[in-house]
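These are the residues of each chain, in order.
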Amino acid sequence: MPRVAAAPDMSRRLATAIAATATILVVAGAAMAPGAGAGSQPRLLPDLVTLRISQKDLVLEPSGRKLLLRLSNEIGNRGRGPLEIYPSASSHDCDGDGNPANDRDTYERIFLDSNADNEFDRLQDLESHHLLVGCERYHPAHDHWHLLDFSRYKLVRARTGRTVVRSTKIGFCIIDTGHRFASLPGSPPEAYYPAGSADCDRDSTDGLSVGWADTYGYFLPGQQLNVTGLRRGRYCLVSTADPHNLLRESDNSNNAHRARIALHPAKQTVERLPGPCRRYR
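What counts and what doesn't
In this numbering scheme, every chain counts its residues from 1 along its sequence in written order. It should be noted that, the model being predicted, local features are given only for residues of pLDDT at least 70 and side-chain atom pairs only at 80 or more, the latter also being counted only at that level, while totals for whole chains, interfaces and linings use all residues. Neither water nor hydrogens contribute to the side-chain values; these are computed over all heavy atoms in the structure. Going along the chain from the N terminus, every DSSP run of H or I of four or more residues is numbered as a helix, and every run of E of two or more is numbered as a strand. Burial classes follow relative accessibility: with a 1.4 Å probe on protein chains only, a residue under 20% of its type's maximum area counts as buried, one over 50% as exposed, and anything between as partly exposed. Any two residues whose heavy atoms approach within 4.5 Å are treated as being in contact. In this description, strands pair whenever DSSP reports at least two bridges between them. Interaxial angle, 0 to 180 degrees, is taken between N-to-C directions of lines fitted to C-alpha atoms, where a helix line uses only the stretch in contact. What is meant by a nonpolar core is a set of buried Ala, Val, Leu, Ile, Met, Phe, Trp, Tyr and Cys residues, joined one to another through side-chain atoms within 4.5 Å. Here, the term disulfide refers to a pair of cysteine sulfur atoms separated by no more than 2.5 Å. A residue's pLDDT is the confidence the predictor assigns to it, expressed on a 0 to 100 scale. Salt-bridge detection follows one rule: a side-chain nitrogen of Lys or Arg within 4 Å of a carboxyl oxygen of Asp or Glu.

1. Here's the deal with the environment of L51
No. 1: Tracing the sequence through the fold places L51 in the loop between β3 (48-50) and β4 (58-63).
No. 2: For L51, a relative accessible area of 10% puts it in the buried group.
No. 3: If near-sequence neighbours (up to four positions away) are discounted, L51 is found in contact with E74, G76, R180, F181, A213 and H257.

2. What to know about the sheet that holds strand β5 (residues 66-71)
No. 1: Overall, antiparallel pairing links the 3 strands, which are arranged β4-β5-β16 in an open sheet. Two strands bound the open sheet, and with one partner strand each, they are β4 and β16 (224-226). The average undirected angle you get between the axes of adjacent strands in this sheet is 25 degrees.
No. 2: Here β5 pairs with β16 via 3 bridges, running antiparallel. By the bridge assignment, R70 is partnered in β16 with Q224.

3. Digging into the environment of V156
No. 1: Along the polypeptide, V156 turns up in strand β10 (residues 144-157).
No. 2: Distance from V156 to C277, taken between C-alpha atoms, is 9.7 Å for residues 121 residues apart in sequence.

4. Topic: the pairing of strand β7 (residues 83-87)
No. 1: With 5 of 5 residues buried, β7 lies mostly within the body of the structure.
No. 2: Residues L83, I85 and P87 point to one face of β7 and E84 and Y86 to the other, with burial holding for every one of them.
No. 3: Strand direction decides the pairing type here: β7 and strand β14 (residues 206-208), joined by 3 bridges, are antiparallel. Bridging from a neighbouring strand, I85 pairs with D206 of β14.

5. Observations concerning the nonpolar core
No. 1: Counting residues in each nonpolar core, the largest one holds 36 residues, and the members touching the most others are F150, L155, V227, I261 and L263.
No. 2: Elements represented by at least two residues in this core include exactly β4, β5, β7, β10, β12 (170-172), β17 (233-241) and β18 (256-264).
No. 3: Among the elements that make up this core, the one with the highest residue count is β10 (4 residues).

6. Points about the state of the cysteines
No. 1: Under the criterion given, the structure shown has 2 disulfides.
No. 2: Bridging C94 to C135, the disulfide has an S-S length of 2.0 Å. Between C94 and C135, the S-S dihedral sits near 70 degrees, and the bridge is therefore right-handed. Note that C94 is positioned in the loop between β7 and β8 (103-112) and C135 in strand β9 (residues 128-139), a separation of 41 residues in sequence.
No. 3: Its relative accessible area of 0% is what places C135 among the buried residues.

7. Overview of the confidence of the model for the protein
Low pLDDT marks regions whose predicted coordinates should not be analysed in detail.
No. 1: In this model, the protein carries a mean pLDDT of 84, and residues with pLDDT of at least 70 account for 84%.
No. 2: Predicted confidence is poor over residues 1-38, with pLDDT under 50, and the contacts of this stretch with residues over four places away or in other chains come to 105 contacts.

8. A few points about the pattern of salt bridges
Any two side chains of opposite charge can pair, on the condition that their charged atoms come close.
No. 1: For the coordinates displayed, the defined rule picks out 8 salt bridges.
No. 2: Between E74 and R180 there is a salt bridge, with its nearest N and O atoms 2.5 Å apart. Of this pair, E74 sits in strand β6 (residues 73-77) while R180 sits in the loop between β13 (178-179) and β14, and the two are 106 residues apart along the sequence.
No. 3: For E74, a relative accessible area of 15% puts it in the buried group.
No. 4: Between R109 and E84 there is a salt bridge whose closest N-O contact spans 3.5 Å. Remark: E84 occurs in strand β7 and R109 occurs in strand β8; sequence separation between them is 25 residues.
No. 5: We classify R109 as buried; its relative accessible area is 13%.

Below, the structure written as structure tokens:
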């Protein structure tokens, strides 16, 4: 099902949204236990990672006069706590498009480790605190709400390290779709998010459980780079989760995955190459 939308500039919407932080008391009050967020207990933070891109995740296809590199992208949570996001009850035009009806401020709920066992237990770890982390926007064609700027893609020339193509900012409807790290402590055997009857609707709480991941297929809108006019050669495809570190997590250094590829535009082929990409300053 279509679950991706492009997003405008994050700095504008955060500046607008911060002025309305008082709404957190209204939205989060019911979810917070007395004394939540006091800081006396350790936090159970998520840890977002972009998972390996394989040959089956890549397609090079013409689209009118353009040539598109389409990719599937999977983001997982290897942290000690879930990534949980929920919407504000009000809107303040956080996406900066002049229409306050199609977006709303978004908060991250960070669970506290009530018994200090360093493992998330939904029945035990009830206290939490809450941070304003960004903006969700409604996509009418998909009838979904998406967290803006959740992922970014770029293509770097392997020999020089020069970025030749960047994606638009990609929004995700974040839910549990694959149990990739089932052995992690606190990972539930069944998908938990969305926490409600429907995924990414107006009122749903969404996110990634410990050990779970969400996949966006190459056939979905936004899952492409425009490689029209690029020369045949070797490139590094870089996919980064939460590129501006808006979400609070335990480790921001592992959000990106780099894949070596070979493009042959004339033949409309793309090959996933073995070995790591070279890292550039």
